[in-house]
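Notes for the structure review
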Amino acid sequence: KQLSQEVNKVYMTNDLDIFNTIKGNRPTNPQHILRLTESIRVNGILQNPIIVNQNNKVIDGQHRLLAAKKAESSIYYIKVKGYDLKEVQTLNLYQKNWSKSDFMEGYSKMGKIKQGIQP
């Protein structure tokens, strides 16, 4: 029984012009791009790779890519063969952002919130 195996490699590039969007993908949110750009400027690019297909079309991560361009940063990416708009839709269908209560629960478990004092 094989427990783990390498399936894809993570690459890093500062040539962000090699990537293109997929026709039919949802429009980007300018506010989200601004928040991500600021995060990249403050924290650097975190290793949260975008996913691209064999033609360097973005399957997942178009906001991160646009933010990295604005921040003049490099980006991590994974290349997956055969993905297209169907996989874009599938990947985004069930993603859930953290709510305020998720953050509070996380901080609480780390001992950062005591007697109603927030971080």
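Everything discussed here concerns the structure shown above.
What counts as what
- Residues numbered from 1 in each chain as written.
- Predicted model: local features only at pLDDT ≥ 70, side-chain atom pairs only at ≥ 80, totals over all residues.
- Heavy atoms only, no water.
- Helix = DSSP H or I, 4+ residues; strand = E, 2+ residues; numbered from the N terminus.
- Rg over C-alpha atoms; globule rule 2.2 N^0.38 Å.
- Buried < 20%, exposed > 50% of the residue type's maximum accessible area, 1.4 Å probe, protein only.
- Areas by Shrake-Rupley, 256 points an atom, 1.4 Å probe, with all protein chains shown as cover.
- Patch = residues over 30% accessible without salt bridge, like charges linked within 9 Å, V, L, I, M, F, W, Y side chains within 5 Å.
- Salt bridge = Lys/Arg side-chain N within 4 Å of Asp/Glu carboxyl O.
- Phe/Tyr/Trp six-rings, centres within 6.5 Å; stacked < 30°, edge-to-face > 60°.
- 1 Å grid on protein atoms, 1.4 Å probe; cavity = no way out; pocket = protein on both sides within 12 Å on 5 of 7 lines; lining within 4 Å.
- Points joined across faces, edges and corners; volume = space filled by probe spheres on them.
- Nonpolar A, V, L, I, M, F, W, Y, C, P; charged D, E, K, R; others polar.
- Polar contact = N/O pair within 3.5 Å; in protein donor to acceptor, adjacent residues only side chain to side chain.
- Contact = heavy atoms within 4.5 Å.

**Some words on the overall build of the protein**
- Scanning the protein for helices and strands turns up 4 helices and 4 strands.
- Listed N to C, the secondary structure of the protein is β-α-β-β-α-β-α-α in terms of helices and strands.
- Expected size for 119 residues packed as a compact globule is a radius of gyration near 14 Å; at 17 Å, the protein overshoots this value by more than 25%.
- With respect to the principal axes defined by its C-alpha atoms, the protein has extents near 55 × 45 × 25 Å.
- The buried share of the protein, reckoned over its 119 residues, is 29%.
- When the accessible surface of the protein is summed, it comes to about 9,100 Å², and 49% of that surface belongs to carbon and sulfur atoms.

**Concerning unusual backbone geometry**
- For asparagine 56, which is not glycine, the phi torsion reads 60° and is therefore positive.
- Backbone geometry places glutamate 72, a non-glycine residue, at a positive phi of 55°.

**Brief notes about a nonpolar patch on the surface**
- Residues Trp98, Phe103, Tyr107 and Met110 make up a contiguous nonpolar surface patch of roughly 460 Å² in combined accessible area.
- By secondary structure assignment, the location of phenylalanine 103 is in helix H4 (residues 100–109).
- Phenylalanine 103 gets classed as partly exposed once you look at its relative accessible area, which sits at 41%.

**With respect to the pattern of salt bridges**
- Under the definition given, this model contains 1 salt bridge.
- Close ionic contact of arginine 64 with aspartate 60 constitutes a salt bridge, the shortest N to O distance being 3.1 Å. By the burial criterion, arginine 64 is buried, and aspartate 60 matches it.

**Regarding the environment of aspartate 15**
- Position of aspartate 15 among the secondary structure elements: in the loop between strand E1 (10–13) and helix H1 (30–43).
- As a C-alpha pair, aspartate 15 and valine 42 span 27 residues in sequence and 21 Å in three-dimensional space.

**Re the packing of aromatic side chains**
- Enumeration according to the criterion identifies 2 aromatic pairs in this entry.
- Put simply, the rings of Tyr11, Phe19 and Tyr77 pair up and form one aromatic cluster.

**A word on the layout of surface pockets**
- The volume enclosed by the largest pocket comes to roughly 760 Å³.
- Taken together, 24 residues line the largest pocket, and the ones lying closest to its centre are His32, Leu36, Asn48, His63 and Arg64.
- A total of 5 residues in the lining of the largest pocket trace back to one element, the largest contributor, which is H1.
- The class makeup of the residues in the lining of the largest pocket is 7 nonpolar, 12 polar and 5 charged.

**Points about the side chain of aspartate 60**
- On the secondary structure map, aspartate 60 appears in strand E3 (residues 58–60).
- Within the local environment of aspartate 60, its side chain forms a polar contact with the side chain of arginine 64, the two groups lying 3.1 Å apart.
- In this structure aspartate 60 touches Ile50, Ile51, Leu91, Asn92 and Gln95, once residues within four positions along its chain are discounted.

Without other data, these values stay purely geometric and don't point to any function.
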